[in-house]
Amino acid sequence: MRVLLVEDDMMVGNALEQGLRDAAYAVDWTRDGESALTALATHEYGLVVLDLGLPSADGLSVLRRLRASGDATPVLIVTARDAVASRIAGLDLGADDYLVKPFAFAELLARLRALTRRSGGTAQAVLGNGPLTLDPATRVARFGATEARLTPREFALLQALLLRPGTVLSRERLEEDIYGWGEEVESNTVEYMIHSLRRKLGADAIRNVRGSGWYVDAPP
Ligand code: CA
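Each residue is numbered by its place in its chain's sequence as written, counting from 1. Only residues with pLDDT of at least 70 get local features here, since the model is predicted, and only at 80 or more are side-chain atom pairs given and counted; chain-wide, interface and lining totals rely on the full set of residues. The basis for every side-chain value is the complete set of heavy atoms in the structure, and neither hydrogens nor water enter the calculation.

Caption draft 1: Quick peek at the pairing of strand 2 (residues 26-30). Throughout this description, buried means an accessible area under 20% of the type-specific maximum (1.4 Å probe, protein chains only), exposed means over 50%, and partly exposed covers the range between. Think of it this way: any DSSP run of H or I at least four residues long counts as a helix, any run of E at least two long counts as a strand, and we number them from the N terminus. Counting buried residues in strand 2 gives five out of five residues, a clear majority hidden from the surface. Here is how to tell: hold the view so the strands point away, follow the path from the first strand over the helix to the second, and if it runs clockwise the crossover is right-handed. Handedness of the crossover joining strand 1 (residues 2-6) and strand 2 through helix 1 (residues 10-22) is recorded here as right-handed.

Caption draft 2: Here's a closer look at the pattern of salt bridges. The salt bridge criterion pairs a side-chain nitrogen of Lys or Arg with a carboxyl oxygen of Asp or Glu, the two atoms within 4 Å. According to the stated counting rule, one finds 18 salt bridges in the structure shown. Glu7 is the salt-bridge partner of Lys101, the closest N and O atoms lying 3.1 Å from each other. With Lys101 in the loop between strand 5 (97-100) and helix 5 (105-119) and Glu7 in the loop between strand 1 and helix 1, the pair connects residues that are 94 residues apart, well separated along the chain. Using a relative accessible area of 24% as the deciding quantity, one classes Lys101 as partly exposed. Connected via shared salt-bridge partners are Glu17, Arg21, Arg153 and Glu183.

Caption draft 3: Representation of the nonpolar core in the model. Take the buried Ala, Val, Leu, Ile, Met, Phe, Trp, Tyr and Cys residues and link them wherever side-chain atoms come within 4.5 Å; each set so joined is a nonpolar core. Core analysis: the biggest nonpolar cluster contains 27 residues, and Leu134, Leu157, Leu158, Leu161, Leu174, Leu201 and Ile206 have the highest contact counts within it. Every element with two or more residues in this core is listed here: strand 7 (132-135), helix 6 (152-162), helix 7 (171-178) and helix 8 (189-201). Here this core takes seven residues from helix 6, the largest share from any one element. Setting aside its immediate chain neighbours within four residues, Ile206 contacts Leu158, Leu161, Ile194, Leu197, Arg198, Trp214, Tyr215 and Val216. Counting residues in hydrophobic clusters, the runner-up holds 19 residues, among them Val6, Ala39, Val48 and Ala57. Should any heavy atoms of two residues lie within 4.5 Å, those residues are counted as being in contact.

Caption draft 4: Fine view of the packing of helix 2 (residues 33-42) against helix 3 (residues 59-68). Only the stretch in contact is used when fitting a helix axis, every axis being a line fitted to C-alpha atoms; angles between N-to-C directions are given from 0 to 180 degrees. With their axes 9 Å apart at the nearest point, helix 2 and helix 3 run at an angle of 25° to one another. In terms of axis orientation, helix 2 runs roughly parallel to helix 3. Between helix 2 and helix 3 lies a crossing of right-handed hand. Across from Gly33, Glu34, Ala36, Leu37 and Leu40 in helix 2, the residues of helix 3 making contact are Val62, Arg65 and Leu66. Charged means Asp, Glu, Lys or Arg here, nonpolar means Ala, Val, Leu, Ile, Met, Phe, Trp, Tyr, Cys or Pro, and polar covers whatever is left, Gly included. Classifying every residue of the contact of helix 2 with helix 3 by side-chain character gives five nonpolar, one polar and two charged. Here the angle decides the label: under 35 degrees means roughly parallel, over 145 means roughly antiparallel, 65 to 115 means roughly perpendicular, and every other value means oblique. We call a crossing left-handed when the near helix sits turned anticlockwise from the far one by less than a right angle, and right-handed when that turn is clockwise.

Caption draft 5: Main features of the sheet that holds strand 9 (residues 146-149). The antiparallel open sheet is built from four strands, whose spatial order is 6-7-8-9. Single-partner strands in this sheet number two, and they are strand 6 (127-128) and strand 9. A strand pair is defined by DSSP finding two or more bridges across the two strands.

Caption draft 6: Representation of the domain arrangement of the protein. Here the protein is described as being made up of domain 1 (2-119) and domain 2 (127-215). Each of domain 1 and domain 2 has a C-alpha centre, and these two points are 25 Å apart. On the domain 2 side, the residues contacting the 15 residues of domain 1 number 17 residues. The term buried area means the drop in 1.4 Å probe accessible area that two parts suffer when joined, counted for both and summed. The contact between domain 1 and domain 2 buries some 1,200 Å² in all, and 49% of this surface belongs to carbon and sulfur atoms. Where domain 1 meets domain 2, there are two salt bridges. Measuring nitrogen to oxygen at the nearest pair gives 3.6 Å for the salt bridge that ties Arg21 to Glu183. Where each domain begins and ends follows an automated or database-derived domain assignment.

As structure tokens, this is what we get:
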């Protein structure tokens, strides 16, 4: 899943970018509000982690303009402990959740998982279409009686497919969910990971439409 990280503090930003990448997110990091709005207008993100105190356009005005444009991407805002009024304003402007700095990184990940499942219209922690399931907290996938723990990139790929069951996703579309800015795209990664997922879970777990892409079956 592709995440837009908006944070002007270099130390915090570096730590969050690395942590999110380690947790299998594709991360684009912008350091000011205007760049964030440009990124949001040109890429499709699954989540936004938004600091409120930012140069050029502050976090609240980013949020206001994002929602005014009809963009419903889930947004988690991060604020200073004393910024109660900003947090309230952020939630009222359409933020979905918030964290107060400093926060435990594990809590950020749990909140992002919660936002992802709510934006997918479900309260279930485990993604799935029936026979095929994926637990985002543990990266364990099951297909029928077969169970496997996935690598971060295998997880990112299967999650992208399971969030849009029945929809054929192209290689380019899947790469968007796997690679953030500055990460070198290796040409056969998607094909290689599909192969690896099928070997771990069974060939029928992921369907291929020749020349178009891949999909997982929609729930019965
Ligand atoms: Ca800041």
